[in-house]
Amino acid sequence: MTEQLKLKLNDSKATRWGALVIVAFTMMAAYYVNDVVAPLKTMLETDLAWTSSDFGFFTGGYSFLNVFFLMLIWGGLILDRFGIRFTGKLATILMVGGTALEYYAMTGLAGADATLFGYNEILGYKTGVFVAFVGYSIFGVGAEVAGITVSKIIAKWFKGKELATAMGVQVALARIGSQAGYAVAIPLARACGISMPVLVGLLLLLGGMVAFFVFSVMDKKLDRQLADAAVDEGAEGEEEKFSFKDVKNILVNPGFWLIALLCVLFYSCVFPFQKFASELMILKYGINENVAGTFAGLPALGALILTPIFGGFIDKRGRSASIMLFGSAMLIGVHFIYALPSVHYWLVAIVLMIILGIAFSLVPSAMWPAVAKIFPVSQLGTAYALIFFIQNIGLWGIPTLIGVVLDAYCVTGKNPDGTNIYDYTLPMCIFTGIACLSLLVAFLLKKADKKYGYKLEEPNIQE
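Only a predicted model underlies this, so the values are computations on that prediction, with no experimental measurement involved.

Colleague: Could you give an account of helix H8 (residues 163-192), naming the residues involved and the relevant values?
Modeller: Spanning 30 residues, H8 covers 42 Å between terminal C-alpha atoms, matching the ideal 44 Å at 1.5 Å per step. Most pronounced at Val-184, the bend in H8 amounts to some 45°, and the proline Pro-187 follows within four residues. Looking at the residues trailing H8, positive phi occurs at Gly-193, about 105°.

In structure tokens:
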């Protein structure tokens, strides 16, 4: 009976996995909203008179506030100071508000002549583009803060248990939202209007907000159990509070910089690429626009299936540093072949997206649990926030760069409807170069693991 009294809520396998599913639904909705506009690039040009530069500007908006106003770092500090429940609720509210503003931009401010307070342009961009950018920026703050919050939730509920598997499952479930966004965007927009995919995302986020409030009740009960049992493990309670000295300790840790650099380089070759991949599939490989978004979303589908499998392997066998190295190498091959002008057979494009999905499963399944090994729980929120902050520099800068490069150097003609035809060779060369840098950083991380004893090659499950 004494042993039973010591059991905590997360000691129950069904309960901890149930809690994971609840917060994963919130992230699933966030990933849907994040990716649902990407396949609509051509429709935005025809229906709302956007240019590639407008689209790149809008896409970079996801990370604008996180990078230039340090919102993600503040979110990490709030997370470590005020806990996962307060921060998660705040993040879900921001996501809902930002998406509502984005939806308004695509309905109330649609078209090149739309005005706001008498202005049809703001900072050189059409009013609708700028307001959509602002909404996407607010959503981006909420989504990134929600991401680090969920990472800390998993580290708390699964410490010493199936940590990498749990993170892999969370990523996999989130990818369902991403894949759904790519798959339904064009058919839904053609059937119900270009703003309908965003409206669906708004409704999903409202459900995700409710789901997180339900989880908060469970997490509060777990904290009461920890307090009643006088647990003093830091990783599972909220007793060990963050201090600003921890920021210095994080920044002087070589593992932080290597993980952060690998993160920004690797994800800059995936997420920004996917924003333009639908158009690449249509223009270079002749894939029908109704299914191009589905093919562009194949990496998300691959992550859905493979990330939990790879996470389970890491939990039992380890080898995180080696897996990150291998996944980065795969990324180079994918983008290099996409960059070859002579290769334009549609089946090659699809196979490359599948390979990208495998790499997209390997690296995250190893990377995010590695952070929980390098830093104590009191620093985890801030460590994740700083890493995500550096990642957001790439998520802002790379799509903005690609949009400008396309308009400035890659226009080869015009379609009958007046939209531009682009040659994607130069953008794919840019992605290939970034992928090469990610491989170098992954190699340095593996060397640092041996030097500093991060134990990245060791299993996560503690016997």
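After that view of the structure, there is still more to cover.
Colleague: Tell me about the environment of Asp-449, and name the residues and values.
Modeller: Inspection of the secondary structure puts Asp-449 in helix H18 (residues 425-452). Residues Asp-449 and Ser-320 lie 129 residues apart in sequence; the distance between their C-alpha atoms is 10.0 Å. If we ignore the near neighbours within four places in the chain, the residues touching Asp-449 are Tyr-454, Lys-455, Leu-456 and Glu-457. A distance of 3.5 Å separates a polar atom in the side chain of Asp-449 from the backbone nitrogen of Tyr-454.

Colleague: Just give me the short version of the nonpolar core, but keep the residues and values in it.
Modeller: Counting residues in hydrophobic clusters, the biggest one holds 150 residues, and the most contacted among them are Met-324, Tyr-338 and Trp-368. Considering each element in turn, this core owes the most residues, 17 residues, to helix H7 (residues 127-157). Those residues within four positions of Tyr-338 in sequence are excluded, and the remaining contacts are Phe-273, Leu-280, Met-281, Lys-284, Tyr-285, Ala-349, Leu-352, Met-353 and Met-428.

Colleague: Which residues make up unusual backbone geometry, and what are the values?
Modeller: A positive phi angle, close to 55°, is found at Leu-123, a residue other than glycine. Among the structural elements, Leu-123 can be located in the loop between strand E1 (121-122) and strand E2 (125-126). Since its relative accessible area comes to 72%, Leu-123 is described here as exposed.

Colleague: Describe in detail the packing of aromatic side chains, supporting the description with residues and values.
Modeller: Between two aromatic rings, the relevant description is the distance of the centres plus the angle of the planes. Under the definition given, this model contains 31 aromatic pairs. Between the aromatic rings of Phe-82 and Phe-86, the centroid separation amounts to 5.8 Å while the plane-to-plane angle is 50°, which identifies the pairing as tilted. Looking at Phe-82, the relative accessible area reads 55%, which means it is exposed. A centroid spacing of 5.8 Å and a plane angle of 80° characterise the contact between Phe-273 and Phe-431, whose relative ring orientation is edge-to-face. Here Phe-273 is found in helix H12 (residues 271-285), whereas its partner Phe-431 is found in helix H18, with 158 residues between them in sequence. A residue is classified by how much of its surface remains accessible, and Phe-273, at 2% relative accessible area, is buried.

Colleague: Please provide a residue-by-residue account of the state of the cysteines, values included.
Modeller: Following the criterion strictly, the structure yields zero disulfides and no others. Here Cys-410 is not disulfide-linked; the sulfur of Cys-429 is the nearest cysteine sulfur, at 9.7 Å. For Cys-410, a relative accessible area of 4% puts it in the buried group. What makes Cys-429 partly exposed here is its relative accessible area of 40%.

Colleague: Provide a residue-level description of the environment of Ser-328, including the pertinent values.
Modeller: Mapped onto the elements of the fold, Ser-328 is located in helix H15 (residues 320-339). When near neighbours in sequence (up to four residues on either side) are disregarded, Ser-328 contacts Leu-262, Phe-266, Val-363, Ala-435, Ser-438, Leu-439 and Ala-442.

Colleague: So what's going on with the confidence of the model for the chain? Which residues, and what values?
Modeller: Reading fine detail from the predicted coordinates is not recommended where pLDDT is low. For the chain, the average pLDDT comes to 89, and 94% of its residues sit at 70 or higher. Within the model, pLDDT remains below 50 along residues 1-5, and this stretch shows zero contacts once partners closer than five positions in the same chain are excluded. Scored below 50 in pLDDT, residues 230-239 shows 19 contacts in the model against residues more than four places distant or in partner chains.

Colleague: I'd like a description of the packing of H8 against helix H14 (residues 298-317), backed by residues and values.
Modeller: Their axes nearest at 7 Å, the elements H8 and H14 cross at an angle of 175°. Our classification of the angle between H8 and H14 gives roughly antiparallel. Every residue of H14 that contacts H8 at Leu-163, Ala-164, Thr-165, Gly-168, Val-169, Val-171, Ala-172, Arg-175, Ile-176, Ser-178 and Gln-179 is listed here: Leu-298, Ala-300, Leu-301, Ala-303, Leu-304, Thr-307, Pro-308, Gly-311, Gly-312, Ile-314 and Asp-315. Here the residues of the contact of H8 with H14 sort into 13 nonpolar, seven polar and two charged.

Thresholds, definitions, all that
- Every chain is numbered independently, its residues counted from 1 as its sequence is written.
- Totals for whole chains, interfaces and linings use every residue, but because this is a predicted model, local features are given only for residues with pLDDT of at least 70 and side-chain atom pairs only at 80 or more, for both listing and counting.
- Heavy atoms from the whole structure form the basis of all side-chain values; hydrogens and water molecules are not counted.
- Runs of H or I in DSSP of at least four residues are treated as helices and runs of E of at least two as strands, each being numbered from the N terminus.
- Any helix carries an expected span of 1.5 Å times its number of residues minus one.
- Bending is quantified residue by residue as the angle between axes fitted to the seven-residue window ending at that residue and the seven-residue window starting at it.
- Any pair of residues with heavy atoms lying within 4.5 Å of one another is described as a contacting pair.
- Identification of polar contacts relies on pairs of N or O atoms within 3.5 Å, with a donor-acceptor requirement for protein atoms, meaning one able to donate a hydrogen and the other able to accept it, and with residues adjacent in sequence counted only if both atoms are side-chain atoms.
- Only buried residues count toward a nonpolar core. Its members are Ala, Val, Leu, Ile, Met, Phe, Trp, Tyr and Cys residues joined through side-chain atoms within 4.5 Å.
- Accessible area is worked out with a 1.4 Å probe on protein chains only. A residue is then buried under 20% of its type maximum, exposed over 50%, and partly exposed in between.
- Stacked, tilted and edge-to-face pairs are distinguished by plane angle, under 30 degrees for stacked and over 60 for edge-to-face with tilted covering the rest, among Phe, Tyr and Trp rings (Trp via its six-membered ring) whose centres lie within 6.5 Å.
- Disulfide: a pair of cysteine sulfur atoms within 2.5 Å of each other.
- Confidence per residue, as judged by the predictor, is encoded in pLDDT with a range of 0 to 100.
- Under this scheme, a helix contributes an axis fitted over its contacting stretch, all axes are lines through C-alpha atoms, and angles between N-to-C directions fall in the 0 to 180 degree range.
- When describing relative orientation, an angle under 35 degrees is termed roughly parallel and one over 145 degrees roughly antiparallel, while 65 to 115 degrees is termed roughly perpendicular and anything else oblique.
- Put simply, Ala, Val, Leu, Ile, Met, Phe, Trp, Tyr, Cys and Pro go in the nonpolar bin, Asp, Glu, Lys and Arg in the charged bin, and everything else, Gly too, in the polar bin.

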